[in-house]
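As a plain string of letters, each chain reads:
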Amino acid sequence: MPAIQFFEEDITYKLKNKTAVRQWITETIQSEGYKLKELTYVFCSDSYLLQINQQYLDHDTYTDIITFDNSEIANTIIGDIFISIDRIRENALKFSKTEADELHRVIIHGALHLLGYTDKSAPDKKKMTLKEDFYLNKRSFIS
């Protein structure tokens, strides 16, 4: 079983270039000095992710991603990342990006959270965006 798995909840969505995306995420994690043990991405609808946001984070807002860090060992990645495909599609239009590029940005954003990056303050958000851009430019596959 691969260390990175992709699932769908409440939608039908097929990720393109799965093997290449797995390799890209793995290389990102390793380049940051972490070991990948288990990472699950769940592609879902706005309503599904809203329920998670309300239940676990007590937030009553739509979001594109929620990341759960399940690791108990330092520098080891074990996590679950939920991504709203509805938000990805809307944000791709809003920011004039392809759906694939927006999805990849959010995929790596979630991994970066597990690597210790945050985006709560303006300086942290800037650092996170620079890291996203850096790793997006490392993709060896066509988006």
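Higher on the page you've got the structure.
None of these values were measured; they are calculated from a predicted model. (Residues numbered from 1 in each chain as written. Predicted model: local features only at pLDDT ≥ 70, side-chain atom pairs only at ≥ 80, totals over all residues. Heavy atoms only, no water.)

**Q** Go over the layout of surface pockets with me, naming the residues and quoting the values.
**A** Size it by volume and the largest pocket reaches roughly 790 Å³. Looking at the largest pocket, it is lined by 26 residues, and the ones nearest its centre are D64, I65, H109, H113 and D119. Contributing elements (two or more residues each) for the lining of the largest pocket: α2 (46-57), β3 (65-69), α4 (99-114) and α5 (122-136). Looking at the lining of the largest pocket, its residues break down into 8 nonpolar, 9 polar and 9 charged. (1 Å grid on protein atoms, 1.4 Å probe; cavity = no way out; pocket = protein on both sides within 12 Å on 5 of 7 lines; lining within 4 Å. Points joined across faces, edges and corners; volume = space filled by probe spheres on them. Helix = DSSP H or I, 4+ residues; strand = E, 2+ residues; numbered from the N terminus. Nonpolar A, V, L, I, M, F, W, Y, C, P; charged D, E, K, R; others polar.)

**Q** Outline the pairing of strand β1 (residues 4-9), listing residues and values.
**A** Sheet topology places β1 next to strand β2 (residues 35-44); 6 bridges connect them, and they run parallel. Within β2, the position partnered with F7 by the bridge is V42. (Pairing = 2+ DSSP bridges.)

**Q** Outline the packing of helix α1 (residues 18-31) against α4, supporting the account with residue identities and numerical values.
**A** Where α1 meets α4, the axes come as close as 10 Å, and the angle between the chain directions of the two elements is 35°. In this structure, α1 crosses over α4, and the sense of that crossing is right-handed. Contact residues: α1 offers V21, W24, I25 and T28, while α4 offers H104, I107, I108 and A111. Across the contact of α1 with α4, the residue classes tally to 6 nonpolar, 2 polar and no charged. (Axes fitted to C-alpha atoms, helices over the stretch in contact; angles between N-to-C directions. Left-handed = near helix turned anticlockwise from the far one by under 90°. Contact = heavy atoms within 4.5 Å.)

**Q** Which residues make up the nonpolar core, and what values do they have?
**A** With 31 residues, the main nonpolar core has I25, Y41, F43, I83 and I107 as its most contacted residues. Counting residues per element, the ones that place at least two in this core are β1, α1, β2, β4 (76-84), α3 (85-94), α4 and α5. For this core, the element with the most residues is α4, which contributes 7 residues. When near neighbours in sequence (up to four residues on either side) are disregarded, I83 contacts Y41, V42, F43, C44, L49, D64, I65, I88, L103, V106 and I107. Listed in part, the 6 residues of the second largest apolar core include V42, L49, I52 and I66. (Core = buried A, V, L, I, M, F, W, Y, C linked by side-chain atoms within 4.5 Å. Buried < 20%, exposed > 50% of the residue type's maximum accessible area, 1.4 Å probe, protein only.)

Any functional reading would require information beyond the geometric quantities listed.
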